[in-house]
There are 2 protein chains.
Amino acid sequence: MSIRDLARHLDISIGTVSRALNGKSDVNPETRERVLVAAKKLGYVPNQSGRSLRQGTTNTIGFMIESTIESADSGGNFFMPVFEGVQSVFRRHHLDLVALLCGTDEDPATYLNRVVGRRFVDGLIISATTRNDPRISFLLERKIPFVALGRSATRGSYPWIDLDFEGVAATAVARLVHFGHRRIAIGVPASDINLGYVFQDGYKRALKMSGIHFDPELVLRAHSNEEGGYQVASGMLAQKQMPTAVILVNENMAIGLYRRFYEAGIHPGRDVAVVGFRESTQSRFLSPTLTCFRISLRDLGIKLAEALLSTMPAFMSNYPQGRIELVWPMELVPGESDRLWRGT
Amino acid sequence: MSIRDLARHLDISIGTVSRALNGKSDVNPETRERVLVAAKKLGYVPNQSGRSLRQGTTNTIGFMIESTIESADSGGNFFMPVFEGVQSVFRRHHLDLVALLCGTDEDPATYLNRVVGRRFVDGLIISATTRNDPRISFLLERKIPFVALGRSATRGSYPWIDLDFEGVAATAVARLVHFGHRRIAIGVPASDINLGYVFQDGYKRALKMSGIHFDPELVLRAHSNEEGGYQVASGMLAQKQMPTAVILVNENMAIGLYRRFYEAGIHPGRDVAVVGFRESTQSRFLSPTLTCFRISLRDLGIKLAEALLSTMPAFMSNYPQGRIELVWPMELVPGESDRLWRGT
DNA sequence: TATGAAATCGTAAACGTTTACGGAGTCCAA
DNA sequence: TTGGACTCCGTAAACGTTTACGATTTCATA
């Protein structure tokens with residue numbers, strides 16, 4: 001069922017059929033109608049390879065997510081709503097979104113090279129950017145439209161949207177200090193993901209603002225999952241003077257952290273204050289409920305999509321131009337995990 | 001940087017270049033070497049649209065996952081490891097895997113129709129199959145290679161791999177009965193997903209085996225997330241005679257269920273027995289740890305990939321033929337959530 | 001009626017591959 | 001010297017689209 005079959009069936013030329021289907025102006029409204037109903041009746045769908053080859057564009061956007069060991073068990077629930085948002089924008093422009101999974105046994109940069117080289121996608125959204133992310137320089141030099149979810153320390157100008165981890169650290173520290181805490185630990189990712197650095201910097205700055213000396217012992221590196229949280233709690237318990245509060249950068253860590261404290265007879269929200277990261281159904285139903293930060297992942301996805309489209313020649317005209325370096329604000333959602341504190 | 005440029009640069013014909021790159025036999029080993037090094041040096045990557053158009057095959061497999069409201073916050077951590085497994089097999093065959101996200105505002109069947117019609121993928125893995133899944137009959141009639149993760153009640157023969165929810169129900173019921181329980185509730189998905197039916201059937205059968213009368217009141221429908229778990233617990237608490245045990249079909253429900261019971265002063269693992277579904281880092285670090293079922297998602301992914309390849313003409317020869325209707329066994333992992341039971 | 005513009009459509013080239021086919025060598029045996 | 005077998009390579013068609021261009025028709029106007 002190619003366009004040729006359709007044309008034969010209607011006894012008109014394939015050029016006219018193509019123009020009719022693509023909404024070109026120089027075609028009789030009446031024949032256009034005939035073409036459209038015939039296409040629907042015969043179930044004609046244009047072959048994407050053919051049109052891609054001709055137009056040099058695939059109408060497909062790739063969202064690259066890495067299923068690293070660390071995030072394998074936790075990344076999904078974050079990305080799904082983001083996809084939703086991205087897709088809601090793309091649909092209006094007849095763009096398809098595919099998620100590109102880079103396995104753990106392949107280097108993200110070479111994977112990207114293959115995908116881009118094949119002309120598989122017209123644009124990319126990359127996520128989980130590392131401190132110096134080779135993908136960014138690669139995409140810049142190849143002039144592939146992209147937007148990064150998470151900035152990086154890479155030189156050069158490129159569009160990125162990043163969560164305000166510095167703000168998270170500042171808000172959390174200020175709140176905990178206000179509750180009387182002085183010894184505040186943080187759990188940061190063990191990987192090279194850039195958010196860890198941003199978060200840690202924000203933490204230090206916030207401590208300085210409160211006149212608290214920075215103690216490197218309070219920075220606990222761990223994987224961003226339940227087991228990592230368990231280790232963070234263990235690290236806190238092992239210190240001669242246990243921190244009275246902790247800020248986590250991932251909500252899954254909270255579960256393991258709770259667990260470890262329970263085992264030690266310590267009750268989060270009563271004996272130790274916990275601030276988690278992202279508000280979710282999970283954080284709302286934990287016991288104690290987690291004080292954390294709210295973010296509309298769907299809106300984030302929408303913004304990502306718009307940012308990308310504003311850099312793509314075919315869609316630029318519909319979107320405002322200019323640098324895109326956006327720090328996404330988050331709102332603190334009070335929970336029980338840091339409220340029941342009664343002082344040392 | 002097309003194959004034509006490469007040929008010009010080497011001063012040989014494009015046909016020879018193509019044959020050299022594709023490992024055809026009728027090419028001088030020496031010139032092949034020249035082609036390969038030049039291709040690498042110039043960074044040539046074949047245009048996928050061109051080859052797809054010519055060969056009628058895209059070398060791409062789609063894994064369709066629906067980001068329904070229900071699973072939006074929980075589906076990810078399940079699929080990531082599965083992707084890993086699938087991809088490990090595909091890589092050997094130079095197949096690319098993309099995740100196809102069907103948004104909540106689009107009908108899965110029409111989405112599938114578009115993707116398939118465009119000749120975007122050579123094969124498909126579909127998941128979250130419903131009771132009567134229109135995608136299955138669609139793919140069957142269009143003769144698109146596919147494998148379903150989760151069987152369906154649809155007539156016709158097609159390859160599927162399904163988790164052994166009947167076995168889960170049987171094992172859990174038998175165990176709980178052995179611990180002295182007679183009034184065992186279950187939490188099943190509120191959606192039309194087929195696993196809910198399978199699970200429920202297994203539950204009924206297991207009750208009959210133990211000589212326990214089936215009470216429809218004990219079947220509690222809810223979303224497969226934390227909030228759903230909360231509602232299941234509420235449902236149990238509301239009954240004149242509260243069930244002494246509950247089996248959940250999703251581990252995220254456990255968190256909300258725990259929450260609700262805590263609020264009522266009831267301790268899971270002491271006052272009520274809970275059996276969850278899938279073993280994960282989460283289930284291991286909950287308090288109490290969840291008695292649940294272990295499954296290697298990576299192996300599941302590998303099996304899915306092999307099943308699909310065995311139905312695709314280009315790869316059939318490498319894989320055993322025959323019907324693929326596989327019930328994937330799961331092993332019970334004892335936790336604390338159903339062990340501390342001391343009887344009524 | 002002649003003319004030109006507008007509307008509508010057909011023709012053919014082009015996108016980047018792969019591959020069937022045939023041609024040009026080379027080598028060896030008859 | 002001829003013929004055949006073999007190796008290697010070039011030629012050109014084909015995949016399904018889109019689109020620039022020109023051809024034809026219609027229609028109003030001079």
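As the structure is a computational prediction, the values presented were derived from the model and not from experiment.

A. Fine view of the UniProt feature "domain: HTH lacI-type" (unreviewed entry) in chain A. Residues annotated by UniProt as "domain: HTH lacI-type" (unreviewed entry) correspond here to residues 1–55 of chain A. In residues 1–55 of chain A, the share of helix is 69% and the share of strand is 0%. The end C-alpha atoms are 21 Å apart.

B. View of the relation of the copies chain B and chain A. Superposing chain B onto chain A takes a rotation of 180 degrees combined with a translation of 0.0 Å along the rotation axis, leaving an RMSD of 0.1 Å. On the angle and the small slide along the axis, the relation comes out as a two-fold axis. Most of the interface of chain B is mirrored in chain A, where 100% of its interface residues again form contacts.

C. A look at the protein's contact with DNA strand C. Neighbouring residues of DNA strand C: 29 residues in total, closest Thr16(A), Ile3(B), Ser18(B), Lys24(B) and Arg54(B). Atoms of DNA strand C within 4 Å of the protein belong to the sugar or the phosphate in 62% of instances, the rest to bases. Measuring from a base nitrogen of DNA strand C, one finds a side-chain N or O atom of Arg19(B) at 3.4 Å. In the model, a phosphate oxygen of DNA strand C is placed 2.7 Å from a nitrogen or oxygen of the Lys24(B) side chain. Those elements giving two or more residues to the surface near DNA strand C turn out to be helix 2 (14–21), helix 3 (29–42) and helix 4 (48–55) of chain A together with helix 1 (3–10), helix 2 (14–21) and helix 4 (48–55) of chain B. Top element by residues in the surface near DNA strand C is helix 4 of chain B. It accounts for five residues. When grouped by side-chain class, the residues that make up the surface near DNA strand C number nine nonpolar, twelve polar and eight charged.

D. Examining the pairing of strand 3 (residues 123–127) of chain B more closely. Residue and element names in this part refer to chain B. Within strand 3, five of the five residues are buried, leaving the element largely enclosed by the surrounding structure. By the alternation rule, side chains of strand 3 split into Gly123, Ile125 and Ser127 and Leu124 and Ile126, which are all buried. By the bridge criterion, four bridges tie strand 1 (residues 60–66) to strand 3 in an arrangement that is parallel. Across the sheet, the residue bridging to Met64 is Ile126, located in strand 3. Here strand 3 runs beside strand 4 (residues 146–149); their pairing, made up of four bridges, is parallel. Residue pairing for strand 4: Ile125 is matched across the bridge by Val147. A crossover links strand 3 with its parallel partner strand 4, the connecting element being helix 7 (residues 134–142), and its sense is right-handed.

Definitions and cut-offs
Residues numbered from 1 in each chain as written. Chains lettered and ligands numbered in written order. Predicted model: local features only at pLDDT ≥ 70, side-chain atom pairs only at ≥ 80, totals over all residues. Heavy atoms only, no water. UniProt positions renumbered as here; feature names shortened; annotations may be inferred. Helix = DSSP H or I, 4+ residues; strand = E, 2+ residues; numbered from the N terminus. Least-squares fit on C-alpha atoms with pLDDT ≥ 70 in both. Contact = heavy atoms within 4.5 Å. Near = heavy atom within 4 Å. Polar contact = N/O pair within 3.5 Å; in protein donor to acceptor, adjacent residues only side chain to side chain. Nonpolar A, V, L, I, M, F, W, Y, C, P; charged D, E, K, R; others polar. Buried < 20%, exposed > 50% of the residue type's maximum accessible area, 1.4 Å probe, protein only. Pairing = 2+ DSSP bridges. Right-handed = clockwise from strand over helix to strand, strands pointing away.

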